[in-house]
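# Notes for the structure review
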Amino acid sequence: MRLNATRNYLTVTDPLTNTTIKVPIHPTLNYIPASSFTQIRIKPTTPPGVTESDTVPVRLYDPGFRNTVVCRSKVSQVDGKNGKLYYRGYDVASLCENSNYLEVAYLLIHGNLPNKAQYEKWTTNIMTHTYLHTEMEKQMSTFRYDAHPMGILIATTASLSTFHPDANPALRGDGLYMKPKVAPGKETPDDLAKIHAAQEIRSKAYYRILGKLPTIAANAYRHRIGRPYNHPMPGSRDYAENLLFMLDRLNEPNYKPDPRLVKILNKMFILNAEHGSNCSTVTMRHLASSGVDPYTALSGAAGALFGERKSTAVIGMLKQIGKVENIQVFLSLVKRKQTIVSGPNGTLVASSSNRTPTGGRPTQPTRLQGFGHRIYKTHDPRVKIAKELALELFEIFGKGPLGELAIALEEATLSDEWFSRRNLFPNIDYWCAIVFHTMGFPADMFPVLMCVPRAAGFIAHWEESIDDPEFKIFRPRQIFVGENERSLKDGSRDVPAVQTTPAPALDKLTEKSLPSAAKKRMSTLMMNPDAKIMEFAGLIEKTQRSIDALSISEEEPSGEASIEVGCRPPELLACKNVFRGEEGRRKRALADLKELLAKQQELMLAQQELAKQKAALDERNAALEAAAAASSGSSGGLSPAGNGKKEPDLLAGSKSPRVMDTKKL
């Protein structure tokens, strides 16, 4: 491989085939397209080729994406070499000092800091979307008493899309959030209308996510401690203040969070709002590439923040160390990659067993949690700010045993050449854990408190991803190393042969799978044909209303803005919102509905005919019962044989398999 510095390309030669390719290097961004290497083809090995001439393209193997670029982004810059972090060009330290979280959220999503009017509109829209649907609150209350708050947040965030079906591309159409990929200044009027419609529905989703996520987080915390949920703070314009109110208010009539804690939490939220293409952010982009709604994508990204090597593990490590006197022993055992356990009198010793105390999975070497970073080769720029916030909290609440231990552990690690040589400096998880612990939060709330502010960064990357001109679904390759094709022959396995049994009737399977309420309803419909006819009539009426609404939507004059909303039927309003600017889709929906109406009417006629036949059969059965009753009255209610036994009731409609055959009597 040879670099041509003047022409910005690599020359790659395959010595086996003497194939030479030119791989272009981007002139300003210094990357090469991986697809260029598909020009080099080699013979397949696993699985082998079918013929001698079979070839496959060369693939680039990069586990963990250590040297793989999956996007071009303007959202943030992580300068690992110099230990700097920028949000849209602004140093994060400067933003912490001069901005609040909602300003930074606007910056990340829209690219610039808001002016006064933009900030007022942005804040108002977010803070008016803080309430949850009452059914969502009921749903959250059904989690177990000991459910992890992060699990509650992930599940509830995913369910947001079910409360807003108008925002789900799977229901409304793939192009719901998409803007036309046209160059600026070359948009047609139709393109501009689609851009405006997409931006409107995007903005509503952003307001809902940013507004409701703190409420979900607060409810998860209150659920954990067994207290009723609080509604959002009336009249609050501060994001962190509203969250602290919902977390901590008991029954005080005029409760207001401590302004010092509000300020500290705002800065912590800014520090955690965004951090480039980390695991959770790439998860957000990966899900966005599938076209899924932002609520579902965000819940998946939140799951990536729920890993074991996060700030929660820092508190566990400090508790294991226990006291300052154990720090040097702990660090020496970490260097030797041993598993550390508690010894006598609060000391630390290396484990003598390679199994967990319960005899489960093999033990792993104890890690120094909260130290080191894959990108930063020097100090994490967020650590200095987070440590300063922790020291402010120590002035308010006191250090406590873990605070003293955290400071001593950092000093011991930084002064140890073994750790500094390996770039093992404190990262943001370390001091986030100390800040949140000092504020009185349990360790299982740490990922929740880091996920709430990260929503702004997730949204920024989600929007940037779907607006990328090179937008494609993520589909990385894999290297197959499993078994090649194998045959399955009779007698080649030791397991018993598969027994072929007749499949149960479909109606029996359906009956077993239906919930009890549905069974009861079906039973009622089967026993009462009139009820089924009424059900068909209701379905036909609903379909007809939808057809009428679509037809009215087509005929409505262009001056529709002058018509008062209250004068419109709700179906028409829904149709206008759903099919705005999409006349072709409206016509297809209208045709489908008309076809559905015809089928419903056909089924209705068939059901009415069945009802007539059943009525005639019931009338005939009633006559037979009357004749049988008259006959039994003349014989004293005994059988014709006179043996003292009552005649069996053959017309009772029993489904028992033991019903008697009339020919045998």
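In short, a report on the structure. (Residues numbered from 1 in each chain as written. Predicted model: local features only at pLDDT ≥ 70, side-chain atom pairs only at ≥ 80, totals over all residues. Heavy atoms only, no water.)

### Describing the packing of aromatic side chains
The line we're drawing: Note on ring pairs: Phe, Tyr and Trp rings are taken, using the six-membered ring of Trp, and paired if centres are within 6.5 Å. Classes follow the plane angle, with under 30 degrees stacked, over 60 edge-to-face and the rest tilted. Starting at the N terminus, helices and strands are each numbered in turn, a helix being any DSSP run of H or I of at least four residues and a strand any DSSP run of E of at least two. Each residue gets one of three labels from its accessible area relative to the maximum for its type: buried under 20%, exposed over 50%, partly exposed in between, using a 1.4 Å probe on protein chains only. Ring-over charges, as used throughout, are those where CZ of Arg or NZ of Lys falls within 6 Å of the ring centre and within 35 degrees of the ring normal.
The tally for this structure, following the rule as stated, stands at 13 aromatic pairs. Relative to tryptophan 122, the ring of tyrosine 106 lies with its centre 5.3 Å away and its plane at 85°, an arrangement referred to as edge-to-face. Highlighted residues: tyrosine 106 in helix α2 (residues 101-110) and tryptophan 122 in helix α3 (residues 116-127), separated in sequence by 16 residues. For tyrosine 106, a relative accessible area of 12% translates into the label buried. Of the residues examined, tryptophan 122 reaches a relative accessible area of 3% and is grouped as buried. When the centroid spacing of 5.9 Å and the interplanar angle of 65° are considered together, the rings of tryptophan 122 and tyrosine 207 count as edge-to-face. Of this pair, tryptophan 122 sits in helix α3 while tyrosine 207 sits in helix α7 (residues 189-225), and the two are 85 residues apart along the sequence. The burial state of tryptophan 122 is the same as that of tyrosine 207; both residues are buried. What links up through ring pairs into an aromatic cluster is the set Tyr101, Tyr239 and Phe269. For arginine 422, the ring lying beneath its charged end belongs to tryptophan 418, and the centroid distance is 3.9 Å.

### Quick word on a positive patch on the surface
Test applied: What goes into a patch is any residue over 30% in relative accessible area without a salt bridge, connected to like charges within 9 Å or, for nonpolar side chains (Val, Leu, Ile, Met, Phe, Trp, Tyr), within 5 Å. Per-residue and other accessible areas follow the Shrake-Rupley method at a 1.4 Å probe size, with only the shown protein chains counted as cover for residues. We define a salt bridge as a side-chain nitrogen of Lys or Arg found within 4 Å of a carboxyl oxygen belonging to Asp or Glu. Neither His nor the chain ends contribute to the count of charged residues, in which Lys and Arg are positive and Asp and Glu negative. The atom standing in for a charge is NZ when the residue is Lys, CZ when it is Arg, CG when it is Asp and CD when it is Glu.
Together, Arg41, Arg59, Arg475 and Arg477 make up a region of like positive charge exposed at the surface. Tracing the chain through its elements places arginine 475 in the loop between α18 (446-467) and α19 (506-513).

### Notes on the packing of α3 against α7
Under the convention used in this document: Whenever a helix is involved, its axis is fitted only over the stretch in contact; in every case the axis is a line through C-alpha atoms, and angles between N-to-C directions fall within 0 to 180 degrees. Throughout, a contact is declared for two residues whenever any of their heavy atoms are within 4.5 Å. Residues were grouped as follows: Ala, Val, Leu, Ile, Met, Phe, Trp, Tyr, Cys and Pro as nonpolar; Asp, Glu, Lys and Arg as charged; and all remaining residues, including Gly, as polar.
Look at α3 against α7: their axes get within 7 Å of each other, and the N-to-C directions meet at 65°. Contact with α3, carried on its side by Trp122, Asn125 and Ile126, involves Tyr207, Leu210 and Gly211 of α7 and no other residues of that element. Residues that form the contact of α3 with α7 fall into these classes: four nonpolar, two polar and no charged.

### Side note on the pattern of salt bridges
Taken as a whole and judged by the stated rule, the model has 19 salt bridges. A salt bridge links aspartate 618 to lysine 614, with the shortest nitrogen-to-oxygen separation between them at 3.1 Å. With a gap of four residues between them, aspartate 618 and lysine 614 both fall in helix α23 (residues 583-634), about one helical turn apart. The partly exposed category is assigned to lysine 614, whose relative accessible area is 33%.

### Points about the pairing of strand β3 (residues 19-24)
As a reminder of what qualifies: When DSSP finds two or more bridges between a pair of strands, those strands are recorded as paired.
Where strand β2 (residues 9-14) lies against β3, six bridges are found, and the strand directions are antiparallel. Along β3, the bridge assignment pairs threonine 13 with threonine 20. In textbook terms, the turn of a hairpin is the stretch between consecutive antiparallel strands, and for β2 and β3 this stretch comprises four residues, one of which, asparagine 18, has a positive phi near 60°.

### A short note on the packing of α2 against α3
Convention followed: Any angle that is under 35 degrees is reported as roughly parallel, and any over 145 degrees as roughly antiparallel; angles of 65 to 115 degrees are reported as roughly perpendicular and all others as oblique.
α3 packs onto α2 with a crossing angle of 100° between their chain directions and a minimal axis gap of 10 Å. Here α3 runs roughly perpendicular to α2, going by the angle between their axes. Side by side, α2 and α3 meet where Leu102, Glu103, Ala105, Tyr106, Ile109 and His110 of the first sit next to Gln118, Tyr119, Trp122, Thr123 and Ile126 of the second. Considering only residue class, the contact of α2 with α3 consists of seven nonpolar, three polar and one charged.

### Side note on empty space enclosed by the protein
Short version of the rule: A cavity here means a set of 1 Å grid points, computed over protein atoms only, where a 1.4 Å probe fits but cannot escape. A pocket is an open set with protein on both sides within 12 Å along at least 5 of 7 lines, and lining residues have an atom within 4 Å of a point. Grid points are joined across faces, edges and corners, and a volume is the space filled by probe spheres set on the points.
This structure, assessed with the given rule, holds one cavity of 30 Å³ or more. Within this model, the largest cavity holds a volume of roughly 30 Å³. Each residue belonging to the lining of the largest cavity can be placed in one class, and the counts come to three nonpolar, six polar and one charged.

### Looking at the nonpolar core
Spelled out, the test is: Buried Ala, Val, Leu, Ile, Met, Phe, Trp, Tyr and Cys residues form a nonpolar core when they are joined through side-chain atoms within 4.5 Å.
In this structure, Tyr87, Tyr101, Leu318, Leu409 and Phe436 are the most contacted members of the largest nonpolar core, which totals 121 residues. Among the elements that take part in this core, α18 stands out by supplying 13 residues, more than any other. Setting aside its immediate chain neighbours within four residues, tyrosine 87 contacts Val75, Ser76, Val92, Leu95, Val104, Leu107, Leu108, Ile270, Leu271, Asn272, Ala273 and Glu274. Membership of the second largest hydrophobic core comes to ten residues, among which are Ile533, Phe536, Ile547 and Leu590.

### Re the environment of valine 481
Mapped onto the elements of the fold, valine 481 is located in the loop between α18 and α19. We classify valine 481 as exposed; its relative accessible area is 71%. Distance from valine 481 to threonine 46, taken between C-alpha atoms, is 6.6 Å for residues 435 residues apart in sequence.

### A closer look at the side chain of serine 289
Note on placement: serine 289 falls in the loop between α10 (279-288) and α11 (294-304). Non-local contacts of serine 289, meaning those with residues more than four positions away in its chain, are made with Phe471, Lys472, Ile473 and Phe474.

This is a description of form; function is not addressed.
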